[in-house]
Amino acid sequence: MSKERTFSIVKPDAVLAGKTGAIVQHLTDGGLKPIAMKLVHLSQEQAKGFYHVHRERPFFGDLVKFMTSGPCLVQVLEGENAIAKNRELMGATDSKKAAAGTIRQKFGTDIERNAAHGSDAPETAKYEIGFFFSGAELAALGVTP
Ligand code: CMP
């Protein structure tokens, strides 16, 4: 077991439904502590850039439209095995297939409107944290590299 950081998004469906607090509580109860967070309304460029690995996929346009439809909560989570733990707490990508009691099952609707995003690997976590939080912002919060 090792302390790790990961990146998390509470997506526009969950923010607009007033579920931000419940999702943060779920993550915290699961052992993940938010050490940086902010609400952001993604621009087209930000959404396209963040999800650039999916740019050739048929769902890319809809994904960008959804992710720019309202504010998101972006956050850095810290805890033991944070990357795997966050993915376990979120459940399967498709909310319809996510296990009972997981964030995506409780707060999402389907594979697109799935309430939350979490990094899938250490390199991705580093990239995604840096995509939304500058070194200066993190340092101001006491989050050191
Ligand atoms: P996320 O974890 O944010 O990473 C990429 C997102 O693309 C994923 O959650 C889903 O919301 C979305 N996604 C993945 N596969 C599909 C699909 N087949 N149809 C629609 N959206 C998808």
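Bear in mind that the values here come from a model prediction, so they are computed numbers and not experimental data.

Undergrad: Talk me through the site of the ligand; I want residue IDs and the actual numbers.
TA: Taken together, Lys-11, Tyr-51, His-54, Phe-59, Leu-63, Thr-93, Arg-104, Ile-111, Glu-112, Asn-114 and His-117 make up the full set of residues adjacent to the ligand. Between Tyr-51 and the ligand, the recorded distance is 2.6 Å, taken from a side-chain N or O atom to an oxygen atom. Between Ile-111 and the ligand, the recorded distance is 2.9 Å, taken from a backbone N or O atom to an oxygen atom. Coverage of the ligand by the protein chains reaches 78% of its 460 Å² of free accessible surface. Grouping the constituent residues of the shell around the ligand by class yields four nonpolar, four polar and three charged.

Undergrad: Tell me about the pairing of strand E3 (residues 72-80), and please be specific about residues and values.
TA: Side-chain positions along a regular strand alternate between the two faces of the sheet. Counting buried positions along E3 yields eight of nine residues, so the element is predominantly enclosed. Of the pairings in the sheet, the one linking strand E1 (residues 3-10) to E3 comprises eight bridges and is antiparallel in character. Pairing of Arg-5 across the sheet is with Glu-78, part of E3.

Undergrad: I'd like to hear about the sheet that holds strand E4 (residues 116-118), residue by residue, with values.
TA: What the four strands build is an open sheet, ordered E2-E3-E1-E4; its pairing is antiparallel. Both outer strands of the open sheet, strand E2 (33-40) and E4, are each paired with one neighbouring strand and no more. The average undirected angle you get between the axes of adjacent strands in this sheet is 20°. On the sheet, helix H7 (residues 122-132) packs against E1, E2, E3 and E4 and is oriented at approximately 55° with respect to E1.

Undergrad: Talk me through the pattern of salt bridges; I want residue IDs and the actual numbers.
TA: Applying the stated rule across the entire model yields four salt bridges. As a salt-bridge pair, Lys-3 and Glu-78 come within 3.7 Å of each other at their nearest N and O atoms. With Lys-3 in strand E1 and Glu-78 in strand E3, the pair connects residues that are 75 residues apart, well separated along the chain. A salt bridge links Glu-78 to Arg-5; the shortest N-O distance between them is 2.9 Å. Taken together, the residues Glu-78 in strand E3 and Arg-5 in strand E1 connect sequence positions 73 residues apart. With a relative accessible area of 16%, Glu-78 lands in the buried category.

Parameters at a glance
- Residues numbered from 1 in each chain as written.
- Predicted model: local features only at pLDDT ≥ 70, side-chain atom pairs only at ≥ 80, totals over all residues.
- Heavy atoms only, no water.
- Near = heavy atom within 4 Å.
- Polar contact = N/O pair within 3.5 Å; in protein donor to acceptor, adjacent residues only side chain to side chain.
- Areas by Shrake-Rupley, 256 points an atom, 1.4 Å probe, with all protein chains shown as cover.
- Nonpolar A, V, L, I, M, F, W, Y, C, P; charged D, E, K, R; others polar.
- Buried < 20%, exposed > 50% of the residue type's maximum accessible area, 1.4 Å probe, protein only.
- Helix = DSSP H or I, 4+ residues; strand = E, 2+ residues; numbered from the N terminus.
- Pairing = 2+ DSSP bridges.
- Axes fitted to C-alpha atoms, helices over the stretch in contact; angles between N-to-C directions.
- Contact = heavy atoms within 4.5 Å.
- Salt bridge = Lys/Arg side-chain N within 4 Å of Asp/Glu carboxyl O.

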